[in-house]
Amino acid sequence: DWMLVNGWYKPHHTMLKGVFQKWRFVNGASHRYLGFNVPDACEAWAIASDGVYYETPRKQDFIALSLGARMDVLISCTEDAKLESEEPDWYTTNQYAHIFGSDPGFYEHYFMT
């Protein structure tokens, strides 16, 4: 059970200081919720969800996507940052285990840590 990001397993991405990038998150999984942590050195602003643009951007510290959901996000970092995908810990335990059990179907993606 593993996830791909743009066709890559455990990808990495370098963010340059002060440069805004627009990312479109899409949860194409049929049975997993996705969660993305925004690092302390970065800011993320949601500008649209499922193709509907917000009147004003919404600051995000954590980006959660349900099945089939999409979110457009502007991301900028205050320092150069290398963002890496890490192996999820949901196989055994995670912060949602007390709610959903040991295999909640929630894929904590930590791509932005």
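Residues numbered from 1 in each chain as written. Predicted model: local features only at pLDDT ≥ 70, side-chain atom pairs only at ≥ 80, totals over all residues. Heavy atoms only, no water.

**Q** What am I meant to see in the nonpolar core here?
**A** Nonpolar side chains tend toward joint burial in soluble globular proteins. Among the nonpolar cores identified, the biggest contains 18 residues, and M15, F25, I63, L65, V73 and I75 are the most heavily contacted of them. Mapped onto this core, the elements with two or more residues apiece are β2 (21–26), β3 (33–37), β4 (42–49), β6 (62–65), β7 (70–77) and β8 (81–84). Residue contributions to this core peak at 4 residues, all from β7. When sequence neighbours within four positions are dropped, the list of residues in contact with M15 reads Q21, W23, I75, S76, C77, E79, D80, A81 and L83. (Core = buried A, V, L, I, M, F, W, Y, C linked by side-chain atoms within 4.5 Å. Buried < 20%, exposed > 50% of the residue type's maximum accessible area, 1.4 Å probe, protein only. Helix = DSSP H or I, 4+ residues; strand = E, 2+ residues; numbered from the N terminus. Contact = heavy atoms within 4.5 Å.)

**Q** Hey, could you run me through the pairing of β6 in this one?
**A** As a general feature of sheets, a regular strand has side chains that alternate between the two faces. Burial of the side chains of β6 is restricted to one face: I63 and L65 are buried, whereas none of F62 and A64 on the reverse face is. Of the pairings in the sheet, the one linking β3 to β6 comprises 4 bridges and is antiparallel in character. Bridging across to β6, G35 finds its partner in A64. (Pairing = 2+ DSSP bridges.)

**Q** Would you mind going over the sheet that holds strand β5 (residues 52–60) with me for this structure?
**A** Think of a sheet as strands paired side by side through backbone hydrogen bonds, with each pair either parallel or antiparallel. Reading across from one edge, β2-β7-β4-β5 is the order of the 4 strands in this open sheet, with antiparallel pairing throughout. The strands lining the two open edges of the sheet, one partner per strand, are β2 and β5. On average, each strand axis in the sheet is inclined to that of its neighbour by 25°, with strand direction left out of account. Looking at chain direction, β4 and β7 are connected through 7 bridges and run antiparallel. Across the sheet, C42 pairs through a bridge with C77, a residue of β7. (Axes fitted to C-alpha atoms, helices over the stretch in contact; angles between N-to-C directions.)

These results come straight from atomic positions and should not be treated as a statement about function.
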